There are 2 protein chains.
Amino acid sequence: MQDSRSKPCSCPSLKLREVASMYFTMVAAFLVILVVALQGSAPRESDFPYKVPLDPQGLLELAWNVSYPEQAVHFQLLIRELQFGLLFGMSDRGEFENADLAVLWSDGHNSYFGDAWSDAKGQLHMDSQQDYQLLRARRAPEGLYLLFRRAFSTCDPKDYLIEDGTVHLIYGILEKPVRSLQAINISALRRGLQRVQLLKPNISIPELPGDVKTMEITAPDVVIPSQETTYWCYMAELPAGFPKHHIIMYEPVVTAGNEALVHHMEVFQCAAEFDSFPHYNGPCDSKMKPERLNYCRHVLAAWAMGAQAFYYPEEAGLAFGGPGSSRYLRLEIHYHNPLVFKGRRDSSGIRLYYTATLRPYDAGIMELGLVYTPVMAIPPGEDNFILTGYCTDKCTQLALPAAGIRIFASQLHTHLAGRKVATVLSRDGRERQVVNADGHYSPHFQEIRMLKEVVAVFPGDELITTCTYNTEDRSRATVGGFGILEEMCVNYVHYYPQTQLELCKSAVDPGYLHRYFNLVNRFNDEEICMCPQVSVPQQFYSIPWNTFNRDVLKSLYGFAPISMHCNKSSAVRFPGEWEKQPLPSITERLPEPVPRCPPAPAPQPAAPVPLNLGQLRR
Amino acid sequence: MQDSRSKPCSCPSLKLREVASMYFTMVAAFLVILVVALQGSAPRESDFPYKVPLDPQGLLELAWNVSYPEQAVHFQLLIRELQFGLLFGMSDRGEFENADLAVLWSDGHNSYFGDAWSDAKGQLHMDSQQDYQLLRARRAPEGLYLLFRRAFSTCDPKDYLIEDGTVHLIYGILEKPVRSLQAINISALRRGLQRVQLLKPNISIPELPGDVKTMEITAPDVVIPSQETTYWCYMAELPAGFPKHHIIMYEPVVTAGNEALVHHMEVFQCAAEFDSFPHYNGPCDSKMKPERLNYCRHVLAAWAMGAQAFYYPEEAGLAFGGPGSSRYLRLEIHYHNPLVFKGRRDSSGIRLYYTATLRPYDAGIMELGLVYTPVMAIPPGEDNFILTGYCTDKCTQLALPAAGIRIFASQLHTHLAGRKVATVLSRDGRERQVVNADGHYSPHFQEIRMLKEVVAVFPGDELITTCTYNTEDRSRATVGGFGILEEMCVNYVHYYPQTQLELCKSAVDPGYLHRYFNLVNRFNDEEICMCPQVSVPQQFYSIPWNTFNRDVLKSLYGFAPISMHCNKSSAVRFPGEWEKQPLPSITERLPEPVPRCPPAPAPQPAAPVPLNLGQLRR
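Bear in mind that the values here come from a model prediction, so they are computed numbers and not experimental data. (Residues numbered from 1 in each chain as written. Chains lettered and ligands numbered in written order. Predicted model: local features only at pLDDT ≥ 70, side-chain atom pairs only at ≥ 80, totals over all residues. Heavy atoms only, no water.)

1. Focus: the overall build of chain A
The number of helices and strands found in chain A is four helices and 41 strands. Each of the 618 residues in chain A was classed as buried or not, and the buried ones make up 57%. Taking contacts inside chain A between residues at least 6 apart in sequence as the whole, the part at least 24 apart equals 76%. Element-wise, carbon and sulfur atoms account for 51% of the exposed surface of chain A, whose accessible area totals about 26300 Å². (Helix = DSSP H or I, 4+ residues; strand = E, 2+ residues; numbered from the N terminus. Buried < 20%, exposed > 50% of the residue type's maximum accessible area, 1.4 Å probe, protein only. Contact = heavy atoms within 4.5 Å. Areas by Shrake-Rupley, 256 points an atom, 1.4 Å probe, with all protein chains shown as cover.)

2. Notes on the sheet that holds strand β16 (residues 229-237) of chain B
Residues and elements named next belong to chain B. Ordered in space as β19-β16-β23-β18-β20, the five strands form an open sheet in which the pairing is antiparallel. For this open sheet the edge positions go to β19 (281-283) and β20 (298-304), each flanked by a neighbour on one side alone. Along the sheet, successive strands turn relative to each other by an average axial angle of 15°, direction set aside. (Pairing = 2+ DSSP bridges. Axes fitted to C-alpha atoms, helices over the stretch in contact; angles between N-to-C directions.)

3. Quick word on the UniProt feature "domain: DOMON" (unreviewed entry) in chain A
In the numbering adopted here, UniProt assigns the feature "domain: DOMON" (unreviewed entry) to residues 58-174 of chain A. Between the C-alpha atoms that bound residues 58-174 of chain A there is a distance of 16 Å. The span itself is 0% helix and 56% strand. (UniProt positions renumbered as here; feature names shortened; annotations may be inferred.)

4. Thoughts on the interface of chain B and chain A
Think of interface size as the accessible area that goes away when the parts come together; that is how it is often given. Listed by partner, the interface residues are 17 residues for chain B and 17 residues for chain A. Of the roughly 1500 Å² buried between chain B and chain A, counting both surfaces, carbon and sulfur atoms make up 65%. When the buried surface of chain B facing chain A is broken down by residue, B:Arg515, B:Phe523 and B:Phe559 rank first, second and third, together holding 39% of it. Summed over the shared surface of chain B and chain A, the result is zero salt bridges. Inspection of the chain B/chain A interface yields four residue pairs in polar contact (both at pLDDT 80 or more). Here the residues of the side of chain B that touches chain A are counted per class, giving eight nonpolar, five polar and four charged. (Buried area = accessible area lost by both parts, 1.4 Å probe. Salt bridge = Lys/Arg side-chain N within 4 Å of Asp/Glu carboxyl O. Polar contact = N/O pair within 3.5 Å; in protein donor to acceptor, adjacent residues only side chain to side chain. Nonpolar A, V, L, I, M, F, W, Y, C, P; charged D, E, K, R; others polar.)

5. Thoughts on the side chain of A:Gln130
Residue and element names in this part refer to chain A. In this fold, Gln130 is placed in the loop between β9 (124-126) and β10 (133-140). For Gln130, a relative accessible area of 1% translates into the label buried. At a separation of 3.0 Å, a polar atom in the side chain of Gln130 contacts the main-chain carbonyl oxygen of Asp127.

6. Details of the domain arrangement of chain A
Residue and element names in this part refer to chain A. For chain A, the domain assignment lists domain 1 (50-200), domain 2 (205-359) and domain 3 (369-593). A straight line from the C-alpha centre of domain 2 to that of domain 3 covers 29 Å. With 14 residues of domain 2 in contact, the opposing surface of domain 3 contributes eleven residues. Overall, the association of domain 2 and domain 3 removes approximately 1000 Å² of surface from exposure, summing both partners, and the carbon and sulfur fraction of that is 67%. The largest contributions to the domain 2 side of the interface with domain 3 come from Ala304, Phe310 and Pro313, which together make up 34% of the buried area. Applying the counting rule to domain 2 against domain 3 returns zero salt bridges. For the pair domain 2 and domain 3, the interface holds two residue pairs in polar contact (both at pLDDT 80 or more). At the level of secondary structure, the elements contributing two or more residues to the side of domain 2 that touches domain 3 comprise β18 (262-269), β20 (298-304) and β21 (310-311). It is β20 that provides the largest number of residues to the side of domain 2 that touches domain 3, a total of three residues. (Domains from an automatic or database assignment.)

7. Remarks on the relation of the copies chain B and chain A
The two copies are related by a screw operation: chain B maps onto chain A through 179° of rotation and 0.1 Å of translation along the axis, at an RMSD of 0.1 Å. Expressed as a symmetry operation, the mapping of one chain copy onto the other fits a two-fold axis. When the interface residues of chain B are mapped onto chain A, 100% of them again lie at the interface, so the same face is used by both copies. (Least-squares fit on C-alpha atoms with pLDDT ≥ 70 in both.)

8. Regarding the confidence of the model for chain A
All names here are of chain A. Put simply, chain A has an average pLDDT of 86, and 87% of its residues get 70 or more. Overall, residues 599-604 carries pLDDT values under 50, and its contacts beyond four positions in sequence, including any with other chains, amount to 14 contacts. In the predicted complex, the global pTM is 0.78; the interface-specific ipTM is 0.70. (pLDDT = per-residue confidence, 0-100.)

9. Points about helix α2 (residues 510-523) of chain A
It helps to recall that an α-helix has 3.6 residues per turn; residues three or four apart then point in one direction. The terminal C-alpha atoms of α2(A) lie 20 Å apart, and with 14 residues this matches the ideal 20 Å at 1.5 Å per residue to within 8%. Listed in full, the buried residues belonging to α2(A) are A:Tyr512, A:Leu513, A:Tyr516, A:Phe517, A:Leu519, A:Val520, A:Asn521 and A:Phe523. Buried residues along α2(A) sit against β37 (503-508), α3 (536-541) and α4 (547-557) of chain A together with α2 (510-523) and α4 (547-557) of chain B. Put simply, A:Asp509 is the residue that caps the front of α2(A), since its side-chain oxygen is 3.1 Å from the backbone nitrogen of A:Gly511. (Expected span 1.5 Å × (residues − 1).)

10. Some details on the sheet that holds strand β38 (residues 562-569) of chain B
Residue and element names in this part refer to chain B. Reading across from one edge, β33-β30-β36-β27-β37-β38-β39 is the order of the seven strands in this open sheet, with mixed pairing throughout. Because the sheet does not close on itself, it has two edges, and the strands there are β33 (449-457) and β39 (572-573). Direction of pairing for strand β37 (residues 503-508) relative to β38: antiparallel, over a ladder of six bridges. Opposite Leu503, over in β38, you have Asn567 as the bridge partner.

11. Description of the environment of B:Lys158
Residue and element names in this part refer to chain B. For Lys158, the location among the structural elements is in the loop between β11 (143-151) and β12 (166-173). Sequence separation of Lys158 and Ala99 is 59 residues, and the distance between their C-alpha atoms is 8.2 Å. In contact with Lys158, not counting residues within four places along its chain, are Asp100, Trp117 and Asp127.

12. Examining the nonpolar core
Within the largest apolar cluster, 80 residues are counted, with the highest numbers of intra-cluster contacts made by A:Trp64, A:Leu146, A:Phe148 and A:Leu198. Counting residues in each nonpolar core, the second largest holds 76 residues, with B:Ala102, B:Leu199, B:Ala236 and B:Leu261 among its members. (Core = buried A, V, L, I, M, F, W, Y, C linked by side-chain atoms within 4.5 Å.)

13. Points about the packing of aromatic side chains
For any pair of aromatic rings, geometry is given as the distance between the ring centres together with the angle between the planes. Residue and element names in this part refer to chain A. Enumeration over the complete set of coordinates arrives at 49 aromatic pairs over all chains. Judged by centre distance (5.2 Å) and plane angle (65°), the ring pair of Phe242 and Phe320 falls under edge-to-face. Here Phe320 lies in strand β22 (residues 316-320) and Phe242 lies in the loop between β16 (229-237) and β17 (245-253), a separation of 78 residues in the sequence. Ring pairing ties together the aromatic residues Tyr250, Phe310, Tyr312, Tyr361, Phe408 and Tyr496, which thus form one cluster. (Phe/Tyr/Trp six-rings, centres within 6.5 Å; stacked < 30°, edge-to-face > 60°.)

14. Considerations on the packing of α4(A) against α4(B)
Running from amino to carboxyl end, α4(A) crosses α4(B) at an angle of 165°, the nearest separation of the two axes being 9 Å. By the angle between their axes, α4(A) is roughly antiparallel relative to α4(B). Our pair here, α4(A) against α4(B), has a crossing hand that is right-handed. Note on element contacts: α4(B) touches α4(A) through B:Phe548, B:Asp551, B:Val552, B:Ser555 and B:Leu556, opposite A:Phe548, A:Asp551, A:Val552, A:Ser555 and A:Leu556. Residue classes in the contact of α4(A) with α4(B) are distributed as six nonpolar, two polar and two charged. (Parallel < 35°, antiparallel > 145°, perpendicular 65-115°, else oblique. Left-handed = near helix turned anticlockwise from the far one by under 90°.)

15. Some details on a nonpolar patch on the surface
Residue and element names in this part refer to chain A. A contiguous nonpolar patch, built from Leu416, Ile484 and Leu485 and spanning about 290 Å² of accessible area, is present on the exposed surface. Here Leu485 shows up in the loop between β35 (478-479) and β36 (490-496). We classify Leu485 as exposed; its relative accessible area is 58%. (Patch = residues over 30% accessible without salt bridge, like charges linked within 9 Å, V, L, I, M, F, W, Y side chains within 5 Å.)

16. Structural notes on the packing of α2(B) against α4(B)
All names here are of chain B. Two elements in contact, α2 and α4, have axes separated by 11 Å at closest approach and are oriented at 160°. The angle between α2 and α4 falls in the class roughly antiparallel. In this structure, α2 meets α4 at a crossing whose hand is right-handed. Two secondary-structure elements touch here, α2 through Tyr512, Leu513, Tyr516, Leu519, Val520 and Phe523 and α4 through Phe548, Asn549, Val552, Leu553 and Leu556. Its residues assigned to classes, the contact of α2 with α4 shows ten nonpolar, one polar and no charged.

17. Overview of the pairing of strand β22 (residues 316-320) of chain B
Residue and element names in this part refer to chain B. Where burial is concerned, most of β22 is hidden: four out of the five residues are buried. Bridge count between strand β17 (residues 245-253) and β22: three bridges; the pairing is antiparallel. The partner of His246 across the bridge, within β22, is Ala319. Alignment of β22 against strand β26 (residues 361-362), held across two bridges, turns out to be parallel. The residue of β26 that forms the bridge with Ala316 is Tyr361.

18. Focus on the pattern of salt bridges
In this structure the tally under the stated criterion is 46 salt bridges over all chains. Where A:Arg474 meets A:Asp473, a salt bridge forms, and the shortest distance between an N and an O atom there is 4.0 Å. By relative accessible area, A:Arg474 is classed as buried at 18%. We classify A:Asp473 as exposed; its relative accessible area is 66%. For B:Arg345, the salt bridge is made with B:Asp221, and the minimal N-O distance between the two is 3.2 Å. Of the two residues, B:Arg345 sits in strand β24 (residues 345-346) while B:Asp221 sits in the loop between β14 (213-218) and β15 (222-223), which places them 124 residues apart along the sequence. A single salt-bridge network, built from bridges that share partners, covers A:Lys51, A:Glu61 and A:Arg80.

Okay, structure coming up:
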């Protein structure tokens, strides 16, 4: 339907620039010429290393870069079919209420850009301080490019604070002209959210050796099911006699056109105990899936939307192949197809870069957090309930080498009630360093993240993992376990050199939990039966959740001794006494980070930036 | 030792002014001429309605006024014998660490004034934002007057926030020259603290009627004991047949020269049940004091240092005299004599203004808060433990008139562990209004305070009193009770019209406390005997205070039903069921006040104000 376009303008720096953009709909054809005041020097468009589609159709594409010296993000938003504007922004968990928004809108004659915020009812307001700074608007054959800048922290209380970890980006498309910013009815827009890690770590990429080889573990031309959510399972196999290699890098291979559908992908290695695994190519939840595939859980590689290539540190590689290592690999792809496209074919997957020249160290993966057990439970109706898993000094003393280990990457994991996850390193009772933290964690966005700083862990150190849950929509307790409605609290840390320690996790002592059930029973007029022959989940389900029973459960988890799993593999403990262990005591907390508000460049005043409207056509 | 003085200077406004001050010590004679830049218009010196001596010798005298429109305090500090400067400031509880200070210092040649702060070690630093604004320095025969201004809130995180309630003022005297602000060794100074209510309410004073009479209840030329602390008791008597009158105002009568020694004074009326009381004039803790004086506890008037005259609202007066009212009064004076002056004679006391023309309403006093019972206890080692006393809707429904009562004054009361007290009015589960709150409450400074706004309380309203305690210096639990090392949580509210309700207080249900003791017993491996035949204090004393037992006690107090004392007099309850009452539930809290930072006049830059030094003499 597009029939007319203007030439891209040349954009002299530090001057006003003109940009024309056109759009025809069935109703109206609309030409916008944007005139924008430049604010400082804008980065070149090639300077955006990170890219993600915002909507399932891929009409909006976001590219960005991160400047740690400036403490700012530059966004480049490509709008393929501009109508009457759009909203782009950030909010705590992707909601459109209490969101921080950059808005481009047109009343059919004039167009404007401004920094806005939405209140608790979703009503838009102009921000008193303009912190989304429009740097350039440029028309290209593929669409309109908007370039703008945003400091991590603005110290405007209406603004979102850009932090490490997940950021929930939101967008909305204006399909009709609007008189003013305030007139935008946010709930009537075509809109959506996209989760990304905005603040990618600024780490140097190790050089690949000359003998590097690649192997693609990709889906064999799969027809993506026409349903919103599919987890696709495909079994691949290493060549017979494939010797030990080091994976030193991997990257996604996404079939062109499917960028908005391939949500995340993982390659798992199967258990070495089994000589062979059946072939399979189908949905992971199919009844036809052979049960043995459940033994393919050792993560080799993981990618999620917005993530880039994953590089191992130059001293280490992930061993695969050779004796004691299964030849069988399972590729799992999460297709997210909310518009229910039919018949899309896909051959996405992961490309492994590996070398036969082994690096000095094998990399390993260790599980921190909570044991998968129902004794760790969350009452219903909690907006902010915290469970904590410990890797104690006693376990690290026994299991780590004197020279310590280096954690370089981390993947946080909970089930559906998880809202925040953090692991902190403590030494001699004093918190020293955050290993990885995500204050906007989503169970729908689990990436392996390179750490900004490698964390050295020595014998005697403690690793404390806290998970924050929301169970406001639940009517009964949520217990720990494998089920999707049960919960986990795990941080898979990637480190080197590999040790025997695979699992360093805890759970409350079951005897103390039993005392809690007894106490609840007696305190609440013995109305409920907390009989010991009943299972732990059943006992949790029968608790009347008044404030006292909630508070005392919190106190119990903060006080009772723990049962430690300090394990070589999930079933084999290191020798030692691991029951009724004292909780690590923390005498000194890390200070809360105080957001800095960078003074330069100064934010713009509280008025929208007018954009000159060129021609209006019907 | 002073032998030379310069004339007071004339001070043209908005210009630099010169002030000369001299001081001779055995070592050096020292003349300081101060030149100060004026900042805005300074109030006249007659404009300081409030006055308090800072030190026990009365060398430093502070006068001040409060401007609510400007949200600022003007201080006028009289320094009678200036040496090499002084510190004046405010801190949370009168400590010299983490304090906010105005400092006048001299290196022997030049003198400076600046806004400073002390860190956690007591080291002084110049403030990055100068919020103590020096307005004038003036030499008079009696000493040097410094006039400066301070906004209630400066939004400088190093500054003290001036709030309602008690403010701990601190001072320190520089007896030697110092090279710089940083060189001041705060711990080596002669220094002290003085508590005042800085933000006096801005209420209009009712006119006194023509027939007003006065009566002085004063000590009969007492010799102040030469010890730091004395509570002096003196019995006075109304004339036989003295009919009912209304006290409509009272004010302190302080013997000239003893202003720094008379800390607080109260007049109590004795119980009407006894026909007569013995005369007495002596220390309140003397073995010779007749026991019957313990029945003289009904407060008629109370004054503390820094307080002014107390006026009843024009519709009400405090009844005294007439049938059913004792003729006997007890005056209690707290002499604070840290320098142990000997032989000082004192005839201080309180002057009552009363009228025979009764006002429309009798005023009454009602006790809110906690019952005096050991069931309400504070574990040892707590820095911030909160106990809450309730006056429930059920009690106010029964005992208050339909037109409600008006609370116009309040006296907060705890024993030595009390740190904060607040009473909040709640209606239909929603907090509506703070009745009285003191975030820097000190048990050593208990005034009757006029409220800024009269609070109307209607049948069905709830009055919730919270007290915050610090027991960090104690090794065993602090239980509720009358003893000085036991605790209270009381707000004596002064209101009209008088009702039969004298006491509206609560305590946790003893049955639930018993369950708590049982629970502690079972949970802690039954190591301790929590036998029911043991007294409640003994049971509290034997609890091992781990985090669990502490947390669960807090949870108990926040959950368990209460026993209400909804009493006509301390022993007679209103008819009704008052045991096992549900805790009032609060669905909406009052928002935390957000400090405003007044923009004008702008704070000065972060540099000391130099003061021209005139002559230096030996």
